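Here is how the chains run, residue by residue.
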Amino acid sequence: MKKQILILFLIFLLIIPLVGSVLAKVDEPTPPTQPSSGPGGSDYSHASVIISRYNWGAQQYWIFEPDSPKPESASLIAFNHGWSAFYPIFYIEWIKHIVKKGNIVVYPRYQLGFSIGFKQFTSNAINAVKDAIKELETGDHVRPELDKFAIVGHSLGGGITAYMAALASESELPIPKAIMPVQPAIPFGPLVNLSKIPSETLMVVVVGEDDTVVGDKSGKTIFYDSKQIPLSQKDFVIQITDKYGKPDLVADHVAPLCLPFLNAVDAMDYYSTWKLFDALTDYAFYGINGEYCLGNTSQQRFMGLWSDGTPVKELVVTDAP
């Protein structure tokens, strides 16, 4: 009998820490959800998205148009993917967010395979956008408002974003009002003179604190080599990892990916990349929400609140990275 009591006591001692650990995890704060309004918010002006695909291989591109209601025209966004992310599924939630806010998105494939034709990637992306514009100006499409053009891109697509802006005039692309290279990569370069980016362009360069894939070197190159853009029109933004609650908010290289189910959309999207780009295009196109994207303001840095009211670690904004 004494032996049984001793065994039960030992089991009790083992179980208590496990139960405590489980309860602690249940009680841990959760990240902020999507805001109901404003940049990054869920106040969508359109309920659905029309998706079309054109051409093939490195010349392939997708067009995403706002619908329900379908507008006659809309501003135009070029979205450049990271290395080998040929298909929009990798960023689909972000793309849909941009479109339901009232924009057309063009997604150039620009790559045939994993490593073939690197020097043609930027020209492929440019040609895809030009072809998409021609397509959008025909048939039953939402017409593109070419005076409201912006470019965003992740990883290698971030480098291509800067290149496209620099080559826009000579390539007969619309002049971008705003660009946002996210965790950009410029291998073997820069191959393009970034001082050719129009001086009136608004620019936010975003890097991740824990991005061990490309780091921040290319981001700094884009920021410093575009000296023609006044500091009042550009910022260098650093995403910060926060593991205060569960799940963690991690500022690594895959943070901008928005694969359904596999890469859950979280506050690193809502309050960082989504918010910054929404605000940047709002400011560039309509002169509103500038405080959410430029100037090292509290609105720009704010990353929401954990469920217990604790602020998520803010974005770091600087003009001297």
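Scroll up to find the structure.
Here the structure is a predicted model, which is why all the values come from computation and not from measurement.

**Student:** Just checking my understanding: could you explain the nonpolar core for this structure?
**Tutor:** The nonpolar side chains of a soluble globular protein tend to be buried, and buried together. One finds Phe79, Trp94 and Met180 to be the most contacted residues of the largest nonpolar core, which totals 45 residues. Counting only elements with at least two residues in this core, the list comes to strand S2 (61-67), strand S3 (73-80), helix H2 (92-100), strand S4 (103-108), strand S5 (143-154), strand S6 (178-182), strand S7 (202-208) and helix H6 (267-286). Looking at this core, the element that brings in the most residues is H6, giving 11 residues. The contacts of Trp94, once residues within four sequence positions are left out, are Phe79, Val152, Met180, Val182, Pro256, Cys258, Thr273, Trp274 and Phe277. Formed by 43 residues, the second largest nonpolar core is a distinct cluster that contains Ile63, Ala78, Val106 and Val129.

**Student:** In this structure, what is going on with the environment of Phe277? I would like to understand it.
**Tutor:** By the secondary structure assignment, Phe277 is in helix H6. Sequence-wise, Phe277 and Tyr292 are 15 residues apart; in three dimensions their C-alpha atoms are separated by 9.3 Å. In this structure Phe277 touches Ile77, Trp94, Ile98, Ala150, Ile151, Val152 and Met180, once residues within four positions along its chain are discounted.

**Student:** What's the story with the pairing of S7 in this structure? I'm lost.
**Tutor:** Along any regular strand, the residues point their side chains to alternate faces of the sheet. Most of S7 is tucked away, with 7 of its 7 residues classed as buried. Residues Leu202, Val204, Val206 and Gly208 point to one face of S7 and Met203, Val205 and Val207 to the other, with burial holding for every one of them. As defined by bridge partners, S6 adjoins S7 across 3 bridges and the pair is classed as parallel. Along S7, the bridge assignment pairs Ile179 with Met203. Pairing geometry for S7 and strand S8 (residues 234-239), over 6 bridges, is parallel. If you follow Val204 over to S8, its bridge partner there is Asp235. With respect to chirality, the unit in which S7 leads through helix H5 (residues 217-225) into the neighbouring parallel S8 is right-handed.

**Student:** Honestly, the packing of H2 against H6 in this entry has me stumped. Any pointers?
**Tutor:** How two helices pack is summed up by the angle between their axes together with the distance between the axes. Here H2 crosses H6 at 30°, and the two axes come no closer than 11 Å. One element, H2, and the other, H6, form an angle in the roughly parallel class. H6 is crossed by H2, and the crossing has right-handed handedness. Together, Glu93, Trp94, His97 and Ile98 of H2 and Thr273, Trp274, Phe277 and Asp278 of H6 make up the contact between the two elements. Across the contact of H2 with H6, the residue classes break down as 4 nonpolar, 2 polar and 2 charged.

What counts and what doesn't
Residues numbered from 1 in each chain as written. Predicted model: local features only at pLDDT ≥ 70, side-chain atom pairs only at ≥ 80, totals over all residues. Heavy atoms only, no water. Core = buried A, V, L, I, M, F, W, Y, C linked by side-chain atoms within 4.5 Å. Buried < 20%, exposed > 50% of the residue type's maximum accessible area, 1.4 Å probe, protein only. Helix = DSSP H or I, 4+ residues; strand = E, 2+ residues; numbered from the N terminus. Contact = heavy atoms within 4.5 Å. Pairing = 2+ DSSP bridges. Right-handed = clockwise from strand over helix to strand, strands pointing away. Axes fitted to C-alpha atoms, helices over the stretch in contact; angles between N-to-C directions. Parallel < 35°, antiparallel > 145°, perpendicular 65-115°, else oblique. Left-handed = near helix turned anticlockwise from the far one by under 90°. Nonpolar A, V, L, I, M, F, W, Y, C, P; charged D, E, K, R; others polar.

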